[in-house]
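The chain contents come next:
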Amino acid sequence: MKLKPEAGTGFGSARTAGLALLAALAGALASEASLAQSAAWKNVVAAAQKEGSVVVFSAQGPSVMERIKLDFEKTYPGMRLEQTRMSSGPMMSKLDQERATGADGADVTVTTEIVWLEDRLREGALKAPMGPSTAAWPSAFMIRGTIPVLALEPFGIAYNTNLVKTPITGYRDLLKPEFQGKVGMIGLVATSLVAFYDWLEKKEGPDFLAKLATQQPKVYGSNPIGSQMVASGELPVASFMSATMVLPLMAKGAPVKLVYPDKVFGIQYAAGIVGWAKRPNAAQVYVDYLMSRAGQTAWNGLGEAASPLPNIPGSGDVRSINPYDPAHYTPEVVKAYRARWEGIFKK
(Lines give C-alpha, C1' and ligand atoms only; values in the text may rest on other atoms or scores of the structure.)
Protein backbone atom coordinates (compact mmCIF):
# COMPACT_ATOMS: atom_id res chain seq x y z
CA MET A 1 0.00 0.00 0.00
CA LYS A 2 1.28 3.47 -0.94
CA LEU A 3 1.36 6.05 1.74
CA LYS A 4 0.05 9.51 0.81
CA PRO A 5 1.94 12.36 2.38
CA GLU A 6 -0.03 14.84 4.37
CA ALA A 7 -0.43 18.33 2.99
CA GLY A 8 2.68 20.39 3.46
CA THR A 9 4.86 17.40 4.30
CA GLY A 10 5.56 16.01 0.84
CA PHE A 11 9.02 15.36 -0.64
CA GLY A 12 9.07 18.73 -2.37
CA SER A 13 8.33 20.61 0.81
CA ALA A 14 10.81 18.55 2.82
CA ARG A 15 13.47 19.16 0.14
CA THR A 16 12.77 22.90 0.20
CA ALA A 17 12.99 22.97 3.95
CA GLY A 18 16.20 20.96 3.84
CA LEU A 19 17.75 23.30 1.31
CA ALA A 20 16.74 26.30 3.37
CA LEU A 21 18.33 24.71 6.42
CA LEU A 22 21.52 23.96 4.48
CA ALA A 23 21.60 27.51 3.15
CA ALA A 24 21.15 28.88 6.64
CA LEU A 25 23.92 26.63 7.95
CA ALA A 26 26.20 27.61 5.05
CA GLY A 27 25.51 31.27 5.70
CA ALA A 28 26.21 30.84 9.39
CA LEU A 29 29.44 28.98 8.66
CA ALA A 30 30.51 31.60 6.12
CA SER A 31 29.74 34.34 8.58
CA GLU A 32 31.65 32.51 11.29
CA ALA A 33 34.58 31.96 8.93
CA SER A 34 34.50 35.62 7.95
CA LEU A 35 34.53 36.65 11.59
CA ALA A 36 37.38 34.25 12.29
CA GLN A 37 39.33 35.62 9.32
CA SER A 38 38.63 39.17 10.45
CA ALA A 39 39.87 38.35 13.95
CA ALA A 40 42.95 36.60 12.54
CA TRP A 41 43.71 39.59 10.32
CA LYS A 42 43.36 41.97 13.25
CA ASN A 43 45.97 39.88 15.02
CA VAL A 44 48.28 40.18 11.99
CA VAL A 45 47.84 43.96 11.90
CA ALA A 46 48.49 44.21 15.64
CA ALA A 47 51.65 42.12 15.27
CA ALA A 48 52.73 44.27 12.31
CA GLN A 49 52.33 47.42 14.37
CA LYS A 50 54.55 45.89 17.04
CA GLU A 51 57.15 45.14 14.36
CA GLY A 52 56.92 48.84 13.57
CA SER A 53 58.17 48.94 10.00
CA VAL A 54 58.34 47.08 6.72
CA VAL A 55 61.38 47.11 4.42
CA VAL A 56 60.71 47.02 0.67
CA PHE A 57 63.04 46.74 -2.31
CA SER A 58 61.17 48.24 -5.26
CA ALA A 59 61.61 48.93 -8.96
CA GLN A 60 58.70 51.40 -9.01
CA GLY A 61 59.11 54.98 -10.11
CA PRO A 62 60.17 57.45 -7.37
CA SER A 63 56.91 59.43 -7.58
CA VAL A 64 54.85 56.26 -7.14
CA MET A 65 56.95 55.19 -4.17
CA GLU A 66 56.49 58.59 -2.55
CA ARG A 67 52.69 58.52 -2.95
CA ILE A 68 52.47 54.99 -1.59
CA LYS A 69 54.65 55.81 1.42
CA LEU A 70 52.50 58.78 2.36
CA ASP A 71 49.23 56.90 2.00
CA PHE A 72 50.42 53.66 3.63
CA GLU A 73 51.76 55.43 6.71
CA LYS A 74 48.53 57.43 6.92
CA THR A 75 46.49 54.22 6.68
CA TYR A 76 48.60 52.45 9.31
CA PRO A 77 49.73 55.11 11.82
CA GLY A 78 52.90 54.19 13.65
CA MET A 79 54.18 51.88 10.90
CA ARG A 80 57.15 53.04 8.82
CA LEU A 81 57.55 52.12 5.18
CA GLU A 82 61.26 51.90 4.36
CA GLN A 83 61.76 51.70 0.60
CA THR A 84 64.90 51.27 -1.47
CA ARG A 85 64.65 51.73 -5.20
CA MET A 86 66.75 49.44 -7.39
CA SER A 87 66.69 48.07 -10.90
CA SER A 88 65.23 44.60 -10.81
CA GLY A 89 68.40 42.73 -11.83
CA PRO A 90 70.66 44.05 -9.03
CA MET A 91 67.73 43.78 -6.62
CA MET A 92 67.44 40.04 -7.15
CA SER A 93 71.16 39.58 -6.49
CA LYS A 94 70.90 41.50 -3.23
CA LEU A 95 67.86 39.49 -2.14
CA ASP A 96 69.69 36.23 -2.87
CA GLN A 97 72.63 37.42 -0.75
CA GLU A 98 70.35 38.34 2.15
CA ARG A 99 68.68 34.95 1.98
CA ALA A 100 72.02 33.14 1.99
CA THR A 101 73.49 35.12 4.87
CA GLY A 102 70.37 35.65 6.99
CA ALA A 103 70.98 39.40 6.95
CA ASP A 104 68.23 41.78 7.99
CA GLY A 105 67.04 43.26 4.70
CA ALA A 106 63.93 43.36 2.58
CA ASP A 107 60.63 41.88 3.71
CA VAL A 108 58.92 42.47 0.36
CA THR A 109 60.11 42.89 -3.21
CA VAL A 110 58.14 44.80 -5.85
CA THR A 111 59.77 43.81 -9.11
CA THR A 112 59.42 43.05 -12.79
CA GLU A 113 61.49 39.87 -12.35
CA ILE A 114 58.55 37.48 -12.24
CA VAL A 115 60.65 34.47 -13.18
CA TRP A 116 62.77 35.05 -10.06
CA LEU A 117 59.60 35.17 -7.97
CA GLU A 118 58.32 31.94 -9.51
CA ASP A 119 61.66 30.24 -8.87
CA ARG A 120 61.55 31.26 -5.19
CA LEU A 121 57.94 30.10 -5.00
CA ARG A 122 58.90 26.64 -6.27
CA GLU A 123 61.55 26.52 -3.55
CA GLY A 124 58.94 27.37 -0.91
CA ALA A 125 60.65 30.70 -0.21
CA LEU A 126 57.68 33.02 -0.84
CA LYS A 127 54.63 33.50 1.33
CA ALA A 128 51.13 33.92 -0.09
CA PRO A 129 49.23 37.12 0.75
CA MET A 130 46.58 36.42 3.38
CA GLY A 131 44.87 39.78 3.86
CA PRO A 132 41.24 40.70 3.10
CA SER A 133 42.15 42.34 -0.22
CA THR A 134 43.00 38.96 -1.75
CA ALA A 135 39.31 38.06 -1.96
CA ALA A 136 38.57 40.70 -4.60
CA TRP A 137 41.81 40.35 -6.54
CA PRO A 138 41.34 39.13 -10.16
CA SER A 139 42.57 35.55 -10.46
CA ALA A 140 44.14 36.32 -13.87
CA PHE A 141 46.59 38.57 -12.05
CA MET A 142 47.51 36.20 -9.22
CA ILE A 143 50.35 33.91 -10.31
CA ARG A 144 50.07 30.45 -8.77
CA GLY A 145 47.84 31.85 -6.06
CA THR A 146 50.79 33.57 -4.38
CA ILE A 147 52.30 36.31 -6.56
CA PRO A 148 50.00 39.28 -7.23
CA VAL A 149 50.60 41.30 -10.39
CA LEU A 150 49.92 44.82 -9.12
CA ALA A 151 50.34 47.12 -12.12
CA LEU A 152 50.99 47.09 -15.85
CA GLU A 153 53.17 49.94 -17.08
CA PRO A 154 53.52 50.97 -20.75
CA PHE A 155 56.71 52.41 -22.21
CA GLY A 156 57.17 55.03 -24.87
CA ILE A 157 59.55 57.69 -26.17
CA ALA A 158 60.30 60.97 -24.40
CA TYR A 159 61.64 64.03 -26.15
CA ASN A 160 62.56 67.60 -25.29
CA THR A 161 60.10 69.95 -26.99
CA ASN A 162 62.65 72.79 -27.06
CA LEU A 163 65.10 70.68 -29.03
CA VAL A 164 62.77 68.55 -31.17
CA LYS A 165 60.44 70.59 -33.36
CA THR A 166 59.02 67.80 -35.52
CA PRO A 167 56.94 65.56 -33.23
CA ILE A 168 58.26 62.05 -32.76
CA THR A 169 55.74 59.32 -33.45
CA GLY A 170 57.67 56.05 -33.43
CA TYR A 171 60.97 54.27 -32.92
CA ARG A 172 62.09 54.77 -36.54
CA ASP A 173 62.37 58.48 -35.76
CA LEU A 174 65.35 57.67 -33.52
CA LEU A 175 67.33 56.92 -36.70
CA LYS A 176 67.06 60.48 -38.06
CA PRO A 177 70.46 62.02 -38.90
CA GLU A 178 69.91 64.96 -36.51
CA PHE A 179 69.90 62.53 -33.59
CA GLN A 180 73.40 61.21 -34.28
CA GLY A 181 75.05 60.88 -30.86
CA LYS A 182 71.94 62.30 -29.17
CA VAL A 183 69.66 59.31 -28.57
CA GLY A 184 69.29 57.98 -25.04
CA MET A 185 68.60 54.32 -24.34
CA ILE A 186 68.62 52.14 -21.25
CA GLY A 187 70.97 49.20 -20.81
CA LEU A 188 70.06 45.60 -20.01
CA VAL A 189 69.61 46.15 -16.27
CA ALA A 190 66.65 43.75 -16.00
CA THR A 191 65.05 40.88 -17.88
CA SER A 192 62.29 43.26 -18.93
CA LEU A 193 64.88 45.21 -20.94
CA VAL A 194 65.93 42.07 -22.76
CA ALA A 195 62.27 41.54 -23.58
CA PHE A 196 61.90 45.17 -24.71
CA TYR A 197 64.77 45.07 -27.20
CA ASP A 198 63.65 41.66 -28.45
CA TRP A 199 60.15 43.10 -28.95
CA LEU A 200 61.62 46.17 -30.66
CA GLU A 201 63.50 44.02 -33.17
CA LYS A 202 60.38 42.03 -33.95
CA LYS A 203 58.40 45.24 -34.40
CA GLU A 204 60.91 47.30 -36.40
CA GLY A 205 62.87 44.57 -38.16
CA PRO A 206 66.00 42.50 -37.42
CA ASP A 207 68.31 45.28 -38.68
CA PHE A 208 66.88 47.99 -36.40
CA LEU A 209 69.28 47.61 -33.46
CA ALA A 210 72.30 47.64 -35.78
CA LYS A 211 71.03 50.88 -37.34
CA LEU A 212 70.38 52.33 -33.89
CA ALA A 213 73.93 51.46 -32.88
CA THR A 214 75.28 53.58 -35.75
CA GLN A 215 73.58 56.56 -34.06
CA GLN A 216 76.08 56.16 -31.20
CA PRO A 217 73.38 56.29 -28.51
CA LYS A 218 74.04 57.23 -24.90
CA VAL A 219 73.41 54.16 -22.75
CA TYR A 220 72.44 54.70 -19.11
CA GLY A 221 71.40 52.46 -16.24
CA SER A 222 67.94 53.63 -15.18
CA ASN A 223 64.80 55.41 -16.31
CA PRO A 224 65.21 58.33 -13.84
CA ILE A 225 68.62 59.12 -15.36
CA GLY A 226 67.25 59.09 -18.89
CA SER A 227 64.23 61.24 -18.09
CA GLN A 228 66.40 63.81 -16.30
CA MET A 229 68.78 63.97 -19.26
CA VAL A 230 65.90 64.70 -21.63
CA ALA A 231 64.34 67.26 -19.29
CA SER A 232 67.63 69.12 -18.88
CA GLY A 233 68.33 69.15 -22.62
CA GLU A 234 71.42 66.96 -22.30
CA LEU A 235 69.63 64.61 -24.68
CA PRO A 236 66.83 65.53 -27.08
CA VAL A 237 65.21 62.09 -27.09
CA ALA A 238 65.19 58.80 -25.18
CA SER A 239 63.42 55.48 -25.64
CA PHE A 240 61.91 53.13 -23.04
CA MET A 241 60.46 55.95 -20.97
CA SER A 242 57.56 55.63 -18.55
CA ALA A 243 54.92 58.10 -17.44
CA THR A 244 55.98 57.58 -13.82
CA MET A 245 59.28 59.26 -14.72
CA VAL A 246 58.10 61.84 -17.24
CA LEU A 247 54.80 63.19 -15.85
CA PRO A 248 56.30 64.50 -12.57
CA LEU A 249 58.89 66.43 -14.62
CA MET A 250 56.18 67.83 -16.88
CA ALA A 251 54.20 68.91 -13.82
CA LYS A 252 57.21 70.94 -12.74
CA GLY A 253 57.32 72.68 -16.12
CA ALA A 254 59.99 70.61 -17.87
CA PRO A 255 59.79 70.84 -21.69
CA VAL A 256 59.20 67.12 -22.14
CA LYS A 257 56.62 65.11 -24.05
CA LEU A 258 55.94 61.39 -23.83
CA VAL A 259 54.56 59.56 -26.86
CA TYR A 260 53.46 55.97 -27.29
CA PRO A 261 53.98 54.29 -30.67
CA ASP A 262 51.13 52.44 -32.34
CA LYS A 263 52.00 49.28 -30.43
CA VAL A 264 52.79 49.54 -26.73
CA PHE A 265 55.27 47.35 -24.88
CA GLY A 266 54.61 47.03 -21.19
CA ILE A 267 55.94 45.42 -18.06
CA GLN A 268 54.22 43.86 -15.07
CA TYR A 269 55.09 44.72 -11.49
CA ALA A 270 54.55 41.90 -9.04
CA ALA A 271 55.08 41.59 -5.29
CA GLY A 272 56.70 38.84 -3.30
CA ILE A 273 56.72 38.36 0.48
CA VAL A 274 60.07 36.69 1.07
CA GLY A 275 60.13 33.71 3.37
CA TRP A 276 63.14 35.05 5.27
CA ALA A 277 61.47 38.38 6.14
CA LYS A 278 62.36 39.71 9.59
CA ARG A 279 58.99 41.50 9.77
CA PRO A 280 56.58 38.94 8.27
CA ASN A 281 53.38 40.47 9.63
CA ALA A 282 54.27 43.94 8.39
CA ALA A 283 55.05 42.38 5.01
CA GLN A 284 51.54 40.90 4.88
CA VAL A 285 49.97 44.23 5.81
CA TYR A 286 51.97 46.10 3.17
CA VAL A 287 51.12 43.71 0.31
CA ASP A 288 47.46 43.71 1.34
CA TYR A 289 47.55 47.50 1.19
CA LEU A 290 49.01 47.40 -2.34
CA MET A 291 46.16 45.08 -3.37
CA SER A 292 43.49 47.30 -1.80
CA ARG A 293 41.54 49.97 -3.64
CA ALA A 294 43.42 52.63 -1.68
CA GLY A 295 46.81 51.19 -2.61
CA GLN A 296 45.84 50.71 -6.24
CA THR A 297 44.56 54.29 -6.44
CA ALA A 298 47.78 55.64 -4.91
CA TRP A 299 49.81 53.63 -7.43
CA ASN A 300 47.75 53.83 -10.63
CA GLY A 301 45.31 56.67 -10.05
CA LEU A 302 47.21 59.25 -12.13
CA GLY A 303 47.11 57.10 -15.25
CA GLU A 304 50.85 56.38 -15.23
CA ALA A 305 50.11 52.66 -15.15
CA ALA A 306 47.10 50.34 -15.25
CA SER A 307 45.55 48.53 -12.31
CA PRO A 308 44.40 44.91 -12.59
CA LEU A 309 41.64 45.84 -10.13
CA PRO A 310 38.62 47.18 -12.06
CA ASN A 311 37.12 50.63 -11.59
CA ILE A 312 40.16 52.35 -10.08
CA PRO A 313 39.61 56.09 -10.76
CA GLY A 314 42.23 57.51 -13.12
CA SER A 315 43.89 54.15 -13.86
CA GLY A 316 45.05 53.20 -17.32
CA ASP A 317 43.43 50.29 -19.16
CA VAL A 318 45.21 46.94 -18.75
CA ARG A 319 43.74 45.83 -22.10
CA SER A 320 45.75 48.49 -23.95
CA ILE A 321 49.13 47.16 -22.78
CA ASN A 322 50.92 44.13 -24.21
CA PRO A 323 53.15 42.81 -21.42
CA TYR A 324 55.94 40.43 -22.29
CA ASP A 325 55.82 36.80 -21.23
CA PRO A 326 58.57 36.31 -18.62
CA ALA A 327 58.43 32.53 -19.04
CA HIS A 328 60.00 32.93 -22.48
CA TYR A 329 63.06 34.71 -21.10
CA THR A 330 64.85 31.91 -19.32
CA PRO A 331 68.38 32.48 -17.97
CA GLU A 332 69.77 30.80 -21.09
CA VAL A 333 67.75 33.04 -23.42
CA VAL A 334 68.72 36.16 -21.46
CA LYS A 335 72.42 35.24 -21.48
CA ALA A 336 72.44 34.63 -25.23
CA TYR A 337 70.53 37.82 -25.99
CA ARG A 338 72.74 39.89 -23.70
CA ALA A 339 75.86 38.65 -25.51
CA ARG A 340 74.32 39.54 -28.86
CA TRP A 341 73.11 42.97 -27.68
CA GLU A 342 76.51 43.85 -26.26
CA GLY A 343 78.08 42.75 -29.52
CA ILE A 344 75.91 45.32 -31.32
CA PHE A 345 76.21 48.28 -28.94
CA LYS A 346 79.66 47.81 -27.40
CA LYS A 347 81.76 47.43 -30.51
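Just so it is clear, the model here is predicted, and its values are computed rather than measured.

How each quantity is defined
- Residues numbered from 1 in each chain as written.
- Predicted model: local features only at pLDDT ≥ 70, side-chain atom pairs only at ≥ 80, totals over all residues.
- Heavy atoms only, no water.
- 1 Å grid on protein atoms, 1.4 Å probe; cavity = no way out; pocket = protein on both sides within 12 Å on 5 of 7 lines; lining within 4 Å.
- Points joined across faces, edges and corners; volume = space filled by probe spheres on them.
- Helix = DSSP H or I, 4+ residues; strand = E, 2+ residues; numbered from the N terminus.
- Nonpolar A, V, L, I, M, F, W, Y, C, P; charged D, E, K, R; others polar.
- Core = buried A, V, L, I, M, F, W, Y, C linked by side-chain atoms within 4.5 Å.
- Buried < 20%, exposed > 50% of the residue type's maximum accessible area, 1.4 Å probe, protein only.
- Contact = heavy atoms within 4.5 Å.
- Expected span 1.5 Å × (residues − 1).
- Arc of directions from axis to C-beta.
- Pairing = 2+ DSSP bridges.
- Right-handed = clockwise from strand over helix to strand, strands pointing away.
- Phe/Tyr/Trp six-rings, centres within 6.5 Å; stacked < 30°, edge-to-face > 60°.
- pLDDT = per-residue confidence, 0-100.
- Axes fitted to C-alpha atoms, helices over the stretch in contact; angles between N-to-C directions.
- Parallel < 35°, antiparallel > 145°, perpendicular 65-115°, else oblique.
- Left-handed = near helix turned anticlockwise from the far one by under 90°.

### Some remarks on empty space enclosed by the protein
Any space left empty among the atoms is revealed by the rolling of a water-sized probe across them. Under the counting rule described, the total for this entry stands at one cavity of 30 Å³ or more. Estimated volume of the largest cavity: approximately 200 Å³. Taken together, 22 residues make up the lining of the largest cavity; nearest its centre are A59, R85, L193, N223 and Y269. Listing elements by their share of the lining of the largest cavity, those giving two or more residues are β6 (147–160), α5 (191–204), α8 (243–251) and β11 (265–274). Here the residues of the lining of the largest cavity are counted per class, giving 11 nonpolar, nine polar and two charged.

### Concerning the nonpolar core
If you look at the biggest cluster of nonpolar residues, it comprises 108 residues, and the most contacted ones within it are Y197 and Y286. For this core, the element with the most residues is β6, which contributes nine residues. Once residues lying within four places of it in the same chain are set aside, the contact partners of Y286 are V54, V56, Q60, I68, F72, L81, Q83, V108 and V110.

### Points about the side chain of D173
Looking at the element boundaries, D173 is found in the loop between β6 and β7 (183–186). Accessibility expressed as a relative area gives 13% for D173, which makes it buried. In this structure D173 touches P167, I168 and F179, once residues within four positions along its chain are discounted.

### Quick look at helix α3 (residues 88–101)
If you check α3, its first and last C-alpha atoms are 20 Å apart, about what 14 residues at 1.5 Å a residue would give, namely 20 Å. Residues of α3 that are buried include every one of S88, M91, M92, L95 and E98, and no others. One side of α3 holds all its buried residues, which, seen down the axis, span an arc of 125°. Exposed residues pointing more than 90 degrees away from the buried face of α3 are listed as Q97, A100 and T101. Where the residues of α3 are buried, they touch β1 (53–58), β3 (108–111) and α4 (114–122).

### A closer look at the layout of surface pockets
As a volume, the largest pocket reaches approximately 280 Å³. Considering the residues around the largest pocket, the lining is formed by 15 residues, among which E113, V115, W116, T191 and P331 are closest to the centre. Residue composition of the lining of the largest pocket, by class: nine nonpolar, three polar and three charged. By volume, the second largest pocket is sized at about 180 Å³. Residue assignment for the lining of the second largest pocket shows that the elements contributing at least two residues are α2 (62–75), α7 (223–232) and α8. Looking at side-chain class alone, the lining of the second largest pocket contains five nonpolar, four polar and two charged residues.

### Here's the deal with the pairing of strand β2 (residues 80–85)
For β1 and β2, the ladder comprises six bridges, and the chain directions are parallel. From the neighbouring strand, S58 faces β2, where its bridge partner is R85. This β-α-β element, β1 to α2 to β2, shows right-handed connectivity.

### Concerning the packing of aromatic side chains
Counting across every chain of the model gives 18 aromatic pairs. Seen from their ring centres, Y197 and F345 are 6.5 Å apart, and the 50° between their planes marks the pair as tilted. One end of the pair, Y197, is in helix α5; the other, F345, is in helix α11 (residues 331–345), with 148 residues separating them in the sequence. For the pair shown, Y197 and F345 are each scored as buried. By way of ring pairs, the aromatic residues F155, Y171, F196, Y197, W199, F240, F265, Y324, Y329, W341 and F345 are connected into one cluster.

### Some remarks on the confidence of the model for the protein
Of the residues in the protein, 89% have a pLDDT of 70 or more, and the chain-wide mean is 88. Between residues 1–19, whose pLDDT stays under 50, and residues either more than four places distant or in other chains, the model counts two contacts. Confidence drops under a pLDDT of 50 for residues 21–35, and excluding neighbours within four residues, the segment shows zero contacts in the predicted structure.

### Remarks on the packing of α2 against helix α10 (residues 293–300)
Two elements in contact, α2 and α10, have axes whose closest approach is 8 Å; the angle formed by their N-to-C orientations is 150°. As judged from the angle between their axes, α2 and α10 are roughly antiparallel. The way α2 lies across α10 gives a crossing that is right-handed. Only A294, A298 and W299 of α10 make contact with α2, whose side of the interface consists of V64, R67, I68 and D71. Here the residues of the contact of α2 with α10 sort into five nonpolar, no polar and two charged.

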